[in-house]
Amino acid sequence: MISEFPLFCFTTLAGLGAGAYAVNAVFPMAKSSKRAWLFPFACMILLAIGLLGLPMHLGRPERMLIALTQPSAMIAQEAYWSIALGIVLLVDTLLVKFKGRAPRALSIVGAVFALVLMFVMGNAYFVSLAIPAWASWATFLLFVCGDFAMGAALAFLLDNVLSEGKGEKEADTASRQTMFSNARIVLAALALVSLAIEAVHFSNVGLSFAPFAASAVIAAAGIGAIVAARMGKLTGKAAVWAEFVCLFAAVAIARYAFYAACVL
């Protein structure tokens, strides 16, 4: 296991939750209000579990408290924005659970916090000049595009799962379905391109590009699942899960390889 495994867990899980919430702010889920609170709650749980990786990375919890007193430290900035997003997710969950809905403005604020968190995660490694594989503009693409792609897939998955059963599923308009489908294809394609760019960069600094090439192929399979569902070649439930599994796996494999570069 790589020494940076706690950070791998943090950026992958927290990035997944942040990406899903940001996408949902643009394409709100069409499901009954009785279960809508489970979406921000799921994003909050992913963020919380991921956030445990920061103190684990430092070795002892008290070191995290010291790090938080250093605003210029990247790990502190990651924690600040994670906490800010976590507060929005908690408020969203409580409002939807007990009031039936949350203000649209809250989702927008949360989406902004999520986007900033993604950039901060990427910047934490972009400024690591001692590791050429990390200190590249491609790092931002790897993190942000990856988070959006797997986050969109998760948002779509939860939309389907939480909308199932007892007539609770609300009818989507054809235009919304098409726009969301197109958006997921575009985001997945951008993630695929970011993986290809990262593969070229790793090759240029003398490291293996194979994990990123494999991730790009898996991401392409995720896009294929979306297209196949639109063409009626794949059942809805199978396509939903295939899309998420492929895009999450693609991001996770690439990110693991990214962190492994610091010990090579």
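Residues numbered from 1 in each chain as written. Predicted model: local features only at pLDDT ≥ 70, side-chain atom pairs only at ≥ 80, totals over all residues. Heavy atoms only, no water.

*Asks:* Help me out: how do you make sense of the overall build of the chain in this one?
*Replies:* What the chain contains, in helices and strands, is ten helices and zero strands. Computed over its C-alpha atoms, the radius of gyration of the chain comes to 18 Å, within 12% of the 18 Å expected for a compact globule of 264 residues. The C-alpha extent of the chain, read off along each of the three principal axes, is 55 × 40 × 25 Å. Here the chain holds 264 residues, and 49% of them are scored as buried. Residue pairs in contact within the chain that sit at least 24 positions apart in sequence constitute 78% of those at least 6 positions apart. (Helix = DSSP H or I, 4+ residues; strand = E, 2+ residues; numbered from the N terminus. Rg over C-alpha atoms; globule rule 2.2 N^0.38 Å. Buried < 20%, exposed > 50% of the residue type's maximum accessible area, 1.4 Å probe, protein only. Contact = heavy atoms within 4.5 Å.)

*Asks:* Sorry, what's going on with the packing of aromatic side chains here?
*Replies:* Where two aromatic rings form a pair, the distance of their centres and the angle of their planes describe that pair. In the structure shown here, the tally under the stated rule is 19 aromatic pairs. Judged by centre distance (5.5 Å) and plane angle (15 degrees), the rings of Tyr125 and Phe143 are stacked. Of this pair, Tyr125 sits in helix α6 (residues 104-126) while Phe143 sits in helix α7 (residues 138-162), and the two are 18 residues apart along the sequence. Judged by relative accessible area, which is 0%, Phe143 ranks as buried. The rings of Tyr125, Trp134, Phe143, Phe258 and Tyr259 are connected pair by pair, giving a single aromatic cluster. Its guanidinium or amino end placed over the ring of Phe156, Arg184 lies 3.6 Å from that ring's centre, counting from NZ or CZ. (Phe/Tyr/Trp six-rings, centres within 6.5 Å; stacked < 30°, edge-to-face > 60°. Lys NZ or Arg CZ within 6 Å of the ring centre and 35° of its normal.)

*Asks:* Even after reading the chapter, I still don't get a nonpolar patch on the surface, so can you show me in this structure?
*Replies:* Together, Phe41, Ile45 and Ile49 make up an exposed nonpolar region whose accessible area comes to about 240 Å². Among the structural elements, Phe41 can be located in helix α2 (residues 38-51). (Patch = residues over 30% accessible without salt bridge, like charges linked within 9 Å, V, L, I, M, F, W, Y side chains within 5 Å. Areas by Shrake-Rupley, 256 points an atom, 1.4 Å probe, with all protein chains shown as cover. Salt bridge = Lys/Arg side-chain N within 4 Å of Asp/Glu carboxyl O.)

*Asks:* Help me understand the environment of Met64, please; the structure alone is not making it clear to me.
*Replies:* Turning to its location among the elements, Met64 is positioned in helix α4 (residues 61-67). The contact partners of Met64, leaving out residues within four places of it in the chain, are Leu54, Pro55, Leu58, Ile75 and Ala79.

*Asks:* Just checking my understanding: could you explain the pattern of salt bridges for this structure?
*Replies:* Should the charged atoms of two oppositely charged side chains come close, the side chains can pair. This model, assessed by the stated rule, comprises two salt bridges. A salt bridge links Asp147 to Arg255, with the nearest nitrogen and oxygen atoms 3.1 Å apart. One end of the pair, Asp147, is in helix α7; the other, Arg255, is in helix α10 (residues 236-260), and 108 residues separate them in sequence. In this structure, Asp147 and Arg255 share a single accessibility class: buried.

*Asks:* Is there a simple way to think about the side chain of Glu78 in this case?
*Replies:* Looking at the secondary structure, you find Glu78 in helix α5 (residues 74-99). With no salt bridge to any partner, buried Glu78 finds its closest opposite charge in Arg255, at an N-O distance of 9.4 Å. Excluding anything up to four places from it in sequence, Glu78 contacts Phe10, Leu54, Leu117, Val120, Met121, Ala124 and Tyr125. (Lys, Arg positive; Asp, Glu negative; His and termini not counted.)

*Asks:* What should I look at first to understand helix α1 (residues 5-26) in this one?
*Replies:* Given 3.6 residues per turn, any residue in an α-helix points the same way as the ones three and four places further on. Across its 22 residues, α1 extends 32 Å between first and last C-alpha, which sits within 8% of the 32 Å expected from 1.5 Å per residue. When you tally the buried positions in α1, you get 18 out of 22 residues, the bulk of the element. (Expected span 1.5 Å × (residues − 1).)

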